[in-house]
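Coordinate analysis (summary)
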Amino acid sequence: MANVIEYIRDVIKTCPLLEEGKRVNVDYIGQSMSYSIDALPCDPVIKEYVDGGQMKQFQFAFTSKEEYDEDARVNIENSGFFEKFEEWLNKLGNWKNPLPVMEKKKSPIGFETLNKGYLYDVNEHLAKYRIECRFIYNQEV
């Protein structure tokens, strides 16, 4: 892995909830229905260890562009996706769903969501939904 956001993208691409054919971009949502992982500002260091290593975090928003209209069923389905995505993401890193190995000197701890998925922006018949998350990992010296 070249960097942390690439690692996050590779893990999220394994989510069975993602619609086939939709791209998982980084910092780009595009004009059609797609997904994006967008870095959020945060202090990356959670904890410093005596040996010089650190527990770190990478906060990001997972954004989805979806069909949107006055039909409540469509909008309920969109919100339901984020509820299921939150459950899937929070289960990663446990003994049943171990995380893939990272590059040398970095070891993944897990993912967690920082809020519920929500409607972020509406443009005619498409809407952006997002959920803010963080990835926690240890970095050795």
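Since the structure is predicted, the reported quantities are computational estimates derived from the model, not experimental observations. (Residues numbered from 1 in each chain as written. Predicted model: local features only at pLDDT ≥ 70, side-chain atom pairs only at ≥ 80, totals over all residues. Heavy atoms only, no water.)

1. Some remarks on the pattern of salt bridges
Should the charged atoms of two oppositely charged side chains come close, the side chains can pair. Stated formally: By definition here, a salt bridge exists when the distance from a side-chain nitrogen of Lys or Arg to a carboxyl oxygen of Asp or Glu is within 4 Å. Any residue under 20% of the maximum accessible area for its type is buried, any over 50% is exposed, and the rest in between are partly exposed; the area is computed with a 1.4 Å probe on protein chains only.
The final tally for this structure, using the stated rule, is 5 salt bridges. Notably, a salt bridge pairs Lys 22 with Glu 19, separated by 3.7 Å at the nearest N-O pair. A relative accessible area of 13% places Lys 22 in the buried class. With its nearest N and O atoms 3.5 Å apart, the salt bridge here joins Lys 106 to Glu 103. What makes Glu 103 partly exposed here is its relative accessible area of 25%. Beyond isolated ion pairs, a larger network of salt bridges with shared partners links Glu 19, Lys 22 and Glu 66.

2. Observations regarding the state of the cysteines
Think of a disulfide as a covalent bridge from one cysteine sulfur atom to another cysteine sulfur atom. Inclusion rule: Disulfides are defined in this document as cysteine sulfur pairs within 2.5 Å.
In this structure the tally under the stated criterion is 0 disulfides. No disulfide involves Cys 133; its sulfur sits 11 Å from the nearest other cysteine sulfur, which is in Cys 15. Taking the relative accessible area as the measure of exposure, Cys 133 reaches 0% and is therefore buried.

3. Side note on helix 1 (residues 4-12)
Rules: Only DSSP runs of H or I with at least four residues qualify as helices, and only runs of E with at least two residues qualify as strands; both kinds are numbered from the N terminus onward. Directions are taken from the helix axis to each C-beta atom, and the arc is the one they span. Only heavy atoms matter for contacts: two residues are in contact if any of them lie within 4.5 Å across the pair. Whenever a nitrogen or oxygen atom comes within 3.5 Å of another N or O atom, the pair is scored as a polar contact, on the condition that within protein one atom can donate a hydrogen and the other can accept it, and that pairs from neighbouring residues in sequence are kept only if both atoms are in side chains.
Those residues of helix 1 lying buried are Val 4, Ile 5, Tyr 7, Ile 8, Val 11 and Ile 12. Along the long axis of helix 1, the arc covered by the buried residues comes to 155°, so they all point the same way. Buried-residue contacts for helix 1 involve strand 1 (24-26), strand 2 (35-39), strand 4 (54-67), helix 2 (72-91), strand 5 (106-113) and strand 7 (126-139). Where helix 1 begins, the side chain of Asn 3 points an oxygen toward the backbone nitrogen of Ile 5, at a separation of 3.4 Å.

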